[in-house]
Amino acid sequence: MDEAVHLSDRDLTQLAQVIHARAGITLGPEKRTMIEARLAKLVRKTGRAIGDVLRRLETDDDVMDDLLNVLTTNYTTFFRESQHFTWLVDSWLAPRKAARLLRVWCAACATGEEAYSLAITLREGVEKLNSPATVELAASDLSLRALDVAKAGVYPGGHVASMDPARVRRWFQRGVGSSDGTIKVKPELRNPIRFGRHNLLATAPFEGLDLIFLRNVLIYFDDPTQAQVIANMRSALAPGGFLVVGHAENVRRMSTGFRLHGHTILEKV
C-alpha cells in the first residue's frame, strides 16, 4: 500500500507553480487529492522522500521527469481516434500525392504509439496513391522516460491485438525467448523517425511543416497556455499546413489564423 502524502497549502502552491512554469500543466487546489495520491506512488516507486522531491523539483530534470510521469496520464494506443488516420490518407495526403517532400511533426508523442501510427499510415498511403513523396517524420515529448520507450519501439504484444494481422506482420517483430509476449517496431519504420525532447512552451524547433499532430495534451493546460502552444504550432507550419488536435479538445476560440475543418483539424491561413 502506498504511503500517504499530505501537502501543506504552501507546498501545493509551490508544486503547482513550478509544474506550470516548466511544463504548462495547470494543477489547481481542487486536484489536491489526485496530486497527493500520484505523489504517494512516486515516493514508493523511487524511494525519494516527498520533501526531497519538492526541494529538487526546480533544479533536477530527473525529478521533474518522474513527477510529470505520475501527474500526467501518458495514455496512448496505436491508431487512437482512428478517424484522423482515415482523414490523413483520404483528405490530407491524396491532394498532395504529387509532392516530393512532406514534413510532419508528432509534437506530443508520449511512448511512441502515435508516431508509429503516423509512420505506418503515411508509408501505406504513399504506396496506395503511388506517390513519389518522401515523408520526414519528427516526434517529440517532454518526458525523457517516455521518449526512451518510443525510441526502443518495444511494447506488450496486446498493444497490437486490434490491428490487422497483415499490418502487424509487416511492421512489427514478435519477441522470442526472454522477449516472448512483446512486439518490436521493425527498423525500417523506426529508424527514419527523428525522436527528440521538446517543451511545448518553447518556440517550435521546426518551420515550414506540412502537418502537426498535437492530440490529447492541450487538456492539461489553462486557456492562456493553450493559446501560447497553438501559436507556437502555427509558427511551425507552412501556409496551408494542418494542425490536428484531440477530439476532447475545443480550440475554436483560439483558432485565429486558422481555417477550421470540424473542431479538431485546423488549416493555417
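Here the structure is shown first, and the text comes after it.
Residues numbered from 1 in each chain as written. Predicted model: local features only at pLDDT ≥ 70, side-chain atom pairs only at ≥ 80, totals over all residues. Heavy atoms only, no water.

### Considerations on the packing of aromatic side chains
Part 1 of the reasoning: Applying the stated criterion across every chain yields a total of eight aromatic pairs.
Part 2 of the reasoning: Measuring from ring centre to ring centre gives 5.4 Å for phenylalanine 78 and phenylalanine 172, while their planes differ by 85°; the resulting arrangement is edge-to-face. Placement of the pair is phenylalanine 78 in the loop between helix H4 (61–71) and helix H5 (83–93) and phenylalanine 172 in strand E4 (residues 172–174), with a sequence separation of 94 residues.
Part 3 of the reasoning: The class of phenylalanine 78 is buried, set by a relative accessible area of 8%. (Phe/Tyr/Trp six-rings, centres within 6.5 Å; stacked < 30°, edge-to-face > 60°. Helix = DSSP H or I, 4+ residues; strand = E, 2+ residues; numbered from the N terminus. Buried < 20%, exposed > 50% of the residue type's maximum accessible area, 1.4 Å probe, protein only.)

### Comments concerning the packing of H5 against helix H6 (residues 113–128)
Part 1 of the reasoning: Interaxial distance between H5 and H6 falls to 10 Å at its minimum, and their mutual angle equals 40°. Relative to H6, the element H5 lies oblique. In terms of crossing hand, the pair formed by H5 and H6 is right-handed. Taken together, the residues of H6 that come into contact with H5 (itself represented by Phe85, Leu88, Val89, Asp90, Trp92 and Leu93) are Ser117, Leu118, Thr121, Leu122, Gly125, Val126 and Lys128.
Part 2 of the reasoning: Broken down by class, the residue content of the contact of H5 with H6 amounts to eight nonpolar, three polar and two charged. (Axes fitted to C-alpha atoms, helices over the stretch in contact; angles between N-to-C directions. Parallel < 35°, antiparallel > 145°, perpendicular 65-115°, else oblique. Left-handed = near helix turned anticlockwise from the far one by under 90°. Contact = heavy atoms within 4.5 Å. Nonpolar A, V, L, I, M, F, W, Y, C, P; charged D, E, K, R; others polar.)

### So, the nonpolar core
Part 1 of the reasoning: Trp105, Ile212, Leu214 and Leu243 are the most contacted members of the largest nonpolar core, which totals 49 residues.
Part 2 of the reasoning: Elements with a minimum of two residues in this core: helix H1 (9–23), helix H2 (32–46), helix H3 (50–56), H4, strand E7 (209–213), helix H10 (223–236) and strand E8 (237–244).
Part 3 of the reasoning: Once residues within four sequence positions are removed from consideration, isoleucine 212 is found in contact with Trp105, Ala107, Met233, Ala236, Leu237, Phe242, Leu243 and Val244. (Core = buried A, V, L, I, M, F, W, Y, C linked by side-chain atoms within 4.5 Å.)

### Some points on the environment of asparagine 199
Part 1 of the reasoning: Topologically, asparagine 199 is positioned in the loop between strand E6 (194–197) and E7.
Part 2 of the reasoning: Given a relative accessible area of 22%, asparagine 199 falls into the partly exposed group.
Part 3 of the reasoning: Remark: the alpha-carbon pair of asparagine 199 and alanine 107, spanning 92 residues in sequence, is separated by 9.3 Å.
Part 4 of the reasoning: Apart from residues lying up to four places away in sequence, asparagine 199 is in contact with Arg22, Ala23 and Leu142.
Part 5 of the reasoning: At 2.4 Å, the side chain of asparagine 199 and the backbone oxygen of arginine 22 are in polar contact.
Part 6 of the reasoning: Reaching out from asparagine 199, the side chain makes a polar contact with the backbone nitrogen of leucine 201 at a distance of 3.0 Å. (Polar contact = N/O pair within 3.5 Å; in protein donor to acceptor, adjacent residues only side chain to side chain.)

### A short note on the sheet that holds E8
Part 1 of the reasoning: Strand order in the open sheet formed by seven strands is E6-E2-E1-E7-E8-E10-E9, with mixed pairing between adjacent strands. The sheet terminates laterally at E6 and strand E9 (258–261), the two strands that pair on one side only. Put simply, the sheet's adjacent strands are angled 20° from each other on average, direction ignored.
Part 2 of the reasoning: Two strands pair when backbone bridges link them, and E9 and strand E10 (residues 265–268) are joined in this way by four bridges, in the antiparallel orientation. (Pairing = 2+ DSSP bridges.)

### Quick notes on the environment of lysine 45
Part 1 of the reasoning: Its location among the elements puts lysine 45 in helix H2.
Part 2 of the reasoning: You can call lysine 45 exposed: its relative accessible area is 72%.
Part 3 of the reasoning: Separated by 21 residues in sequence, lysine 45 and aspartate 66 have C-alpha atoms that sit 9.6 Å apart.

### Examining helix H7 (residues 144–152)
Part 1 of the reasoning: Among the residues of H7, those classed as buried are Ala146, Leu147 and Ala150. In an axial view of H7, the angular spread of the buried residues amounts to 100°, which keeps them on one side of the axis.
Part 2 of the reasoning: Tucked inside the fold, the buried residues of H7 contact H6, strand E2 (134–141), strand E3 (154–156) and E6.
Part 3 of the reasoning: One side-chain oxygen of the residue at the start of H7 lies 3.4 Å from the amide nitrogen of arginine 145, identifying that residue as serine 143.
Part 4 of the reasoning: Just past H7, the residue glycine 153 takes up positive phi, approximately 65°. (Arc of directions from axis to C-beta.)

### Thoughts on the pairing of E10
Part 1 of the reasoning: In E10, alternate side chains face the same way, and those of Ile265 and Glu267 on one face and Leu266 and Lys268 on the other are all buried.
Part 2 of the reasoning: The pairing of E8 with E10 spans three bridges and is classified as antiparallel. Residue leucine 243 lies in a different strand from E10, and its bridge partner there is leucine 266.

### Observations regarding the state of the cysteines
Part 1 of the reasoning: Taken as a whole and judged by the stated rule, the model has zero disulfides.
Part 2 of the reasoning: Looking at the unpaired cysteine 106, the closest cysteine sulfur is the one in cysteine 109, lying at 5.4 Å. (Disulfide = S-S within 2.5 Å.)

### Details of the side chain of lysine 268
Part 1 of the reasoning: You can see lysine 268 is positioned in strand E10.
Part 2 of the reasoning: Buried charged residue lysine 268 carries no salt bridge. Nearest counter-charge: glutamate 207, at 9.0 Å.
Part 3 of the reasoning: Here the side chain of lysine 268 touches arginine 234 through a polar contact of 3.0 Å, landing on its backbone oxygen.
Part 4 of the reasoning: Apart from residues no more than four positions distant in its own chain, lysine 268 is found in contact with Arg234, Leu237, Ala238, Pro239, Gly240, Gly241, Gly257 and Phe258. (Lys, Arg positive; Asp, Glu negative; His and termini not counted. Salt bridge = Lys/Arg side-chain N within 4 Å of Asp/Glu carboxyl O.)

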